[in-house]
Amino acid sequence: MARVCIQTTDFDLSKEADALRLEDGGVGAVVAFVGTVREHSSGAAVSAMELEHYPGMTEAAIEAMVEAALARFDIRAAKVIHRVGRLEARDQIVLVLVTSAHRGQAFQACEFLMDYLKTQAPFWKKEHTPDGAHWVDARVADDEALARWGISGGNAA
Amino acid sequence: MTVTVKLRFFASLREKLGEGEALELPEGSTVAAARMALQARGGVHAEALAPGRAVRSALNQKMCTESALLSDGDELAFFPPVTGG
């Protein structure tokens, strides 16, 4: 089963979680993060969003992040699904799943992967609002979140 | 001697500059030199890649700094800071 999927189609959290945990009897914890499209951003209504990626590089970058998570935390497996293309408000954008024997490491690895992904994976978001469409700016707060893990990203700054 | 790299642009840079083209540079050129050569074209290139603008780069699909050295046949991408997740 592929550990990293970049796709236009939606995903099913239960199905993905079951697939990951049922292949390994050593799993005692499954932690999932799901990111969704907010219908407001900085006060403006957002009707839809477009996500662009760098085919090839995006998959390889996330594969390397999963490798880093497996090396750093005592986890059993991880899976990342990130959608691209046009998404509507309330749609699911990203899924990060981590399995481990005990919950602590899975919680940490899931947050680590999300922090890494926000600042180092080549994805770009364009929001559609009543005032027109605009590209979303990178946030310094996301770099700071990654810095907690001792990794200096320097994406936004 | 020269090197030819394949340019790629993404997101707002792609909208302004297109998908990318081949760029010929003197041997020993860095990513910074490529960016400056594009700026020197003026117009949208000068504006989109201006020194003060946040532009990130990747060489052969790996994030790189602007001091990275270019080789013939490299794929060089320029894009804004990433905003996934």
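Coordinates for the structure precede this section.
Report follows, based on the coordinates. (Residues numbered from 1 in each chain as written. Chains lettered and ligands numbered in written order. Predicted model: local features only at pLDDT ≥ 70, side-chain atom pairs only at ≥ 80, totals over all residues. Heavy atoms only, no water.)

1. Points about the sheet that holds strand β5 (residues 48–53) of chain A
Residues and elements named next belong to chain A.
So, point 1. Pairing in this open sheet of four strands is antiparallel, and the strands run β7-β5-β9-β10 from one edge to the other. Taken across any chain shown, the strands that pair with only one partner, and hence form the sheet edges, are β7 (85–88) and β10 (132–135). The mean angle between the axes of side-by-side strands here comes to 25°, regardless of whether they run parallel or antiparallel.
So, point 2. The pairing of strand β9 (residues 123–129) with β10 spans four bridges and is classified as antiparallel. The residue of β10 that forms the bridge with K126 is W135. (Pairing = 2+ DSSP bridges. Helix = DSSP H or I, 4+ residues; strand = E, 2+ residues; numbered from the N terminus. Axes fitted to C-alpha atoms, helices over the stretch in contact; angles between N-to-C directions.)

2. Details of the environment of D74 of chain B
Residues and elements named next belong to chain B.
So, point 1. By the secondary structure assignment, D74 is in the loop between β4 (62–64) and β5 (75–79).
So, point 2. Residues D74 and A40, spaced 34 residues apart in sequence, show a C-alpha to C-alpha distance of 21 Å.
So, point 3. Once residues lying within four places of it in the same chain are set aside, the contact partners of D74 are T4, V5, K6, L59, N60 and L69. (Contact = heavy atoms within 4.5 Å.)

3. Re the packing of helix α3 (residues 103–120) of chain A against helix α4 (residues 140–147) of chain A
Residues and elements named next belong to chain A.
So, point 1. Relative to each other, α3 and α4 sit at 135°, their axes nearing to 9 Å. In terms of orientation, α3 and α4 fall into the oblique class. Once α3 is placed against α4, the crossing between them reads as left-handed. Contacts from D115, Y116, K118, T119 and Q120 in α3 reach D142, D143, A145 and L146 in α4.
So, point 2. Taken together, the residues of the contact of α3 with α4 sort by class into three nonpolar, two polar and four charged. (Parallel < 35°, antiparallel > 145°, perpendicular 65-115°, else oblique. Left-handed = near helix turned anticlockwise from the far one by under 90°. Nonpolar A, V, L, I, M, F, W, Y, C, P; charged D, E, K, R; others polar.)

4. Some remarks on the pattern of salt bridges
So, point 1. Across all of its chains, the model carries 17 salt bridges over all chains by this definition.
So, point 2. Shared partners join several salt bridges into a network, and the residues in it are R3, E63 and E67 of chain A. (Salt bridge = Lys/Arg side-chain N within 4 Å of Asp/Glu carboxyl O.)

5. Thoughts on the packing of aromatic side chains
So, point 1. Applying the stated criterion across every chain, the model contains nine aromatic pairs over all chains.
So, point 2. Aromatic pair F73 of chain A and W149 of chain A: ring centres 5.7 Å apart, planes at 85°, arrangement edge-to-face. Taken together, the residues span a long stretch of sequence, with F73 of chain A in the loop between α2 (57–72) and β6 (77–83) and W149 of chain A in the segment after α4 at a distance of 76 residues. In this pair, the class of F73 of chain A matches that of W149 of chain A, namely buried.
So, point 3. Relative to F79 of chain B, the ring of W124 of chain A lies with its centre 5.1 Å away and its plane at 55°, an arrangement referred to as tilted. Of the two residues, W124 of chain A is situated in strand β9 and F79 of chain B in strand β5; the pairing between them involves two chains. One exposure class covers both W124 of chain A and F79 of chain B, and it is buried.
So, point 4. Within the aromatic cluster, the residues linked to one another by ring pairs are Y54 and W124 of chain A together with F10 and F79 of chain B. (Phe/Tyr/Trp six-rings, centres within 6.5 Å; stacked < 30°, edge-to-face > 60°. Buried < 20%, exposed > 50% of the residue type's maximum accessible area, 1.4 Å probe, protein only.)

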